[in-house]
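Remarks on the overall topology
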Amino acid sequence: MAAELEGSKSLSGLLSGLAQDTFYGHPGITEELLRSQLYPEVSPEEFRPFLAKMKGILKSKFLGLLFSKQVFRSQNLPWIEGVPGLSAALNMSANMENPAVAAGVEKSIASADMDFNQLEAFLTAQTKKQGGITPEQAAVISRFWKSHKTKIRESLMNQSRWDSGLRGLSWRVDGKSQSRHSPQIHTPVAIMELEIGKSGQDLYKSKCKDLYLPVWSLTNGLHLEAPESEFLCLEFDELKVNQVLKKLSEVEESISTLMQPA
Amino acid sequence: MVGSLNRVMEESGEPQLDAKSKVTNQLIDFQWKLGMAVSSDSCRSLKYPYVAVMLKVADHSGQVKNKSFEMTIPQFQNFYRQFKEIAAIIETV
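Residues numbered from 1 in each chain as written. Chains lettered and ligands numbered in written order. Predicted model: local features only at pLDDT ≥ 70, side-chain atom pairs only at ≥ 80, totals over all residues. Heavy atoms only, no water.

As for the overall build of chain A
- For chain A, the helix and strand inventory stands at eleven helices and three strands.
- Ordered by position in the sequence, the α and β elements of chain A form the string α-α-α-α-α-α-α-α-β-β-α-α-β-α.
- For chain A, buried positions account for 47% of its 262 residues.
- Taken as a whole, chain A presents about 13100 Å² of accessible surface, with 52% of it coming from carbon and sulfur. (Helix = DSSP H or I, 4+ residues; strand = E, 2+ residues; numbered from the N terminus. Buried < 20%, exposed > 50% of the residue type's maximum accessible area, 1.4 Å probe, protein only. Areas by Shrake-Rupley, 256 points an atom, 1.4 Å probe, with all protein chains shown as cover.)

Now the structure itself:
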């Protein structure tokens, strides 16, 4: 492996670049772009398997961790056991240099039971392998995972979310004691404003389809204005508030019954 | 997430709403669904739970509209918590 590939300096940028396509749904980061910007001294032939290896780690191990039991538990989310057909243990000692294998790994289904220790163990094992990764690279990958996993997870969830989301919520309670039009006394009312809007994903894709993204921007992050939200203003009297509250408690109950005991 | 609805007490006793939303609607119906996204084009192994809500609202002219949106579980829990707060306050007003 070329000396440049063994270094860890450009690896961070490479992982960010790969993450854009793999997780954030932003295509356009080509192999050639990454090579010329981050590893200009390395030939395309040498770069390709290296890229495939890193891509494979990102797609299989990271995905497995994103939706692993540990992540769910740490966010107090329900964990559903045994969803059929989803988990497949990957043999990560497979020859990642082989582009065909790497491509297969990209499309593979990650085991949903991995935790962070397994990532560390996997990375350590890779450092001991012939043609694996260096300890410095393992550290970079580990660091990248720690700092990006929440964003990546949110991005993946967002990409599968096509309905509008709840962007904001504000409310106040008014104690109406009199009204110009009717002599009603003391009818408290809650006024709630919901901000409903689509995720930023669709907007980004159409904006950046033909845009050339400089690699530096990948590590700094890209910010976009959110598309227009709809503001829905609702009025509730006490009765209605309690009716809705009852429904919400039913939702909460449903969520709890899905929680599997450890 | 604090809103910016301003109230003008001196005038009609009806609260003034800011430019963002001029119309207050009544909630006719609240339907919910707890879903689990299992797999998708962008991620084969998702397992991402979400709460989908369908609101039926009527404006002051009586026109009824459906509004739907999704929430992640943490978002839902925040929504629920806010509602509980509202209930507690409206009870004491």
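Structural notes on the confidence of the model for chain B
Residues and elements named next belong to chain B.
- Scored by pLDDT, chain B comes out at a mean of 78, with 72% of its residues at no less than 70.
- Scored below 50 in pLDDT, residues 1–20 shows 37 contacts in the model against residues more than four places distant or in partner chains.
- On the interface metric, ipTM, the complex scores 0.77, and its pTM is 0.58. (pLDDT = per-residue confidence, 0-100. Contact = heavy atoms within 4.5 Å.)

Let's talk about the pairing of strand β2 (residues 48–58) of chain B
All names here are of chain B.
- Of all eleven residues that make up β2, nine are buried, and the element is covered over most of its length.
- Here eleven bridges tie strand β1 (residues 24–37) to β2, and the two strands are oriented antiparallel to one another. Within β2, the residue paired with Asp29 across the bridge is Lys56.
- Note that β2 and strand β3 (residues 64–72) share nine bridges and pair antiparallel. (Pairing = 2+ DSSP bridges.)

Comments concerning the packing of helix α11 (residues 238–258) of chain A against helix α1 (residues 73–92) of chain B
- Two elements in contact, α11(A) and α1(B), have axes separated by 10 Å at closest approach and are oriented at 145°. Crossing of α11(A) over α1(B) shows left-handed handedness. Residues Glu238(A), Val241(A), Asn242(A), Val244(A), Leu245(A), Leu248(A), Ser249(A), Val251(A), Glu252(A) and Ile255(A) of α11(A) pack against Ile73(B), Phe76(B), Gln77(B), Phe79(B), Tyr80(B), Phe83(B), Lys84(B), Ile86(B), Ala87(B), Ile90(B) and Glu91(B) of α1(B).
- In terms of residue class, the contact of α11(A) with α1(B) is made up of 14 nonpolar, three polar and four charged. (Axes fitted to C-alpha atoms, helices over the stretch in contact; angles between N-to-C directions. Left-handed = near helix turned anticlockwise from the far one by under 90°. Nonpolar A, V, L, I, M, F, W, Y, C, P; charged D, E, K, R; others polar.)

Things to note about the packing of aromatic side chains
- As enumerated under the stated definition, the model contains seven aromatic pairs over all chains in all.
- Considering the side-chain rings of Phe47(A) and Phe50(A), the 6.3 Å spacing of their centres and the 50° angle between planes classify their relative orientation as tilted. Here the residue Phe47(A) and the residue Phe50(A) both occupy positions in helix α4 (residues 44–66), the gap between them amounting to three residues, near one helical turn.
- A relative accessible area of 0% places Phe47(A) in the buried class.
- For Phe50(A), a relative accessible area of 3% translates into the label buried.
- Residues Tyr48(B) and Tyr50(B) carry aromatic rings whose centres are separated by 5.8 Å and whose planes lie at 45° to one another, so their mutual orientation is tilted. With respect to class, Tyr48(B) is no different from Tyr50(B); both count as buried. (Phe/Tyr/Trp six-rings, centres within 6.5 Å; stacked < 30°, edge-to-face > 60°.)

Digging into the side chain of Arg172(A)
- When you line up the elements, Arg172(A) lands in strand β1 (residues 165–176).
- Only 2.8 Å separates the side chain of Arg172(A) from the side chain of Asp174(A), close enough to count as a polar contact. (Polar contact = N/O pair within 3.5 Å; in protein donor to acceptor, adjacent residues only side chain to side chain.)

Looking at the nonpolar core
- Grouped together as the largest cluster of nonpolar side chains are 32 residues, with contacts concentrated most on Leu194(A), Phe236(A), Leu55(B), Phe79(B) and Phe83(B).
- Secondary structure elements with two or more residues in this core: β1, β2 (187–197), β3 (230–237) and α11 of chain A together with β1, β2, β3 and α1 of chain B.
- It is α1(B) that provides the largest number of residues to this core, a total of eight residues.
- Apart from the residues within four sequence positions on either side, Phe236(A) is in contact with Pro188(A), Val189(A), Ala190(A), Met192(A), Val241(A), Val244(A), Leu27(B), Phe83(B) and Ile90(B).
- In this structure, Phe23(A), Tyr24(A), Leu58(A) and Ile152(A) belong to the second largest nonpolar core, which totals 31 residues. (Core = buried A, V, L, I, M, F, W, Y, C linked by side-chain atoms within 4.5 Å.)

A closer look at α1(B)
- For α1(B), which comprises 20 residues, the first-to-last C-alpha distance of 29 Å matches the rise-based estimate of 28 Å (1.5 Å per residue) to within 8%.
- Listed as buried for α1(B) are Ile73(B), Phe76(B), Asn78(B), Phe79(B), Tyr80(B), Gln82(B), Phe83(B), Ile86(B), Ala87(B) and Ile90(B). (Expected span 1.5 Å × (residues − 1).)

Focus: the confidence of the model for chain A
Residues and elements named next belong to chain A.
- Confidence in the prediction for chain A averages 68 pLDDT; 58% of positions are at 70 or higher.
- When pLDDT is averaged over each helix and strand of chain A, the minimum, 37, is found for helix α6 (residues 99–106) and the maximum, 93, for α11.
- With pLDDT under 50 throughout, residues 77–114 is counted as low confidence; its partners more than four residues away or in other chains account for 90 contacts.
- Scored below 50 in pLDDT, residues 200–225 shows 29 contacts in the model against residues more than four places distant or in partner chains.

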